[in-house]
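# Secondary and tertiary structure notes
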Amino acid sequence: MRNRGFTFIEIIIAIAVFIIFALGVYQGFTAIYAAILAAHQKALAADLVNARFEILKNLPYSDVGTVGGDPVGVIDPDETAVSDGLTFALTTTIENVDDTFDGVSGAGDAFPRDYKLVEIQVDCTSCKNFSPITITGRIAPANLE
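Residues numbered from 1 in each chain as written. Predicted model: local features only at pLDDT ≥ 70, side-chain atom pairs only at ≥ 80, totals over all residues. Heavy atoms only, no water.

With respect to the element layout, Thr-66 can be found in the loop between helix 1 (8–57) and strand 1 (78–83). On the basis of relative accessible area, Thr-66 is assigned to the buried category, the value being 7%. For Thr-66, the residues in contact, after removing those within four places along its chain, are Pro-71, Val-72, Gly-73, Ile-75, Pro-77, Thr-92 and Ile-94. (Helix = DSSP H or I, 4+ residues; strand = E, 2+ residues; numbered from the N terminus. Buried < 20%, exposed > 50% of the residue type's maximum accessible area, 1.4 Å probe, protein only. Contact = heavy atoms within 4.5 Å.)

Laid out in structure tokens, this is it:
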């Protein structure tokens, strides 16, 4: 009479196939989790930059600048912010720009500083594999030229 059942080799092969399948699922899960985490960190960084630009847009034009910079203003050039338990370093650079598009530049220009070019770089100091984000925008006074 033959015994009907699984041999030891068949059980080992089945366990090996299951482990390979389980490792594939686990790696897929960790990759998706890492992608979601990176997207969340980028969204937090973008929110911080957006908030900084909103502050700059609502300042009087003469105050748009960095403390001790050129142009002089009220914004700290280097700041640290915490959002959702993550620490971000923000670096703000502001410079005056005389745009040649208006057809007048140099000594003959009554308003040689047409707008201020703002660059905000944000880096997550408490994140792994975070690439710094740099956003650039312009802030101009109303009805200058």
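Back to the text.
For the structure on display, the rule yields two salt bridges. Between Lys-57 and Glu-54 there is a salt bridge, with its nearest N and O atoms 3.1 Å apart. Here Glu-54 and Lys-57 lie together in helix 1, a separation of three residues that amounts to about one turn. In this structure Lys-57 comes out as exposed when scored by relative accessible area, which is 53%. A relative accessible area of 34% places Glu-54 in the partly exposed class. (Salt bridge = Lys/Arg side-chain N within 4 Å of Asp/Glu carboxyl O.)

The next point concerns unusual backbone geometry. Trans is the common state for peptide bonds, and a negative phi is the common state for residues other than glycine. Cis peptide bonds are those with omega within 30 degrees of zero, and the linkage from Asp-70 to Pro-71 qualifies with 10°. Of note, Pro-71 is situated in the loop between helix 1 and strand 1. Its identity as a non-glycine residue notwithstanding, Asp-84 has a phi of 55°, on the positive side. Position of Asp-84 relative to the elements: it lies in the loop between strand 1 and strand 2 (86–97). Here the phi dihedral of Asn-129 falls at roughly 55°; this positive angle occurs in a residue that is not glycine. Assignment of secondary structure puts Asn-129 in the loop between strand 3 (115–124) and strand 4 (133–139). Under the relative-accessibility criterion, Asn-129 is labelled exposed at 81%.

Take it as geometry only, folks, not as evidence of what the structure does.
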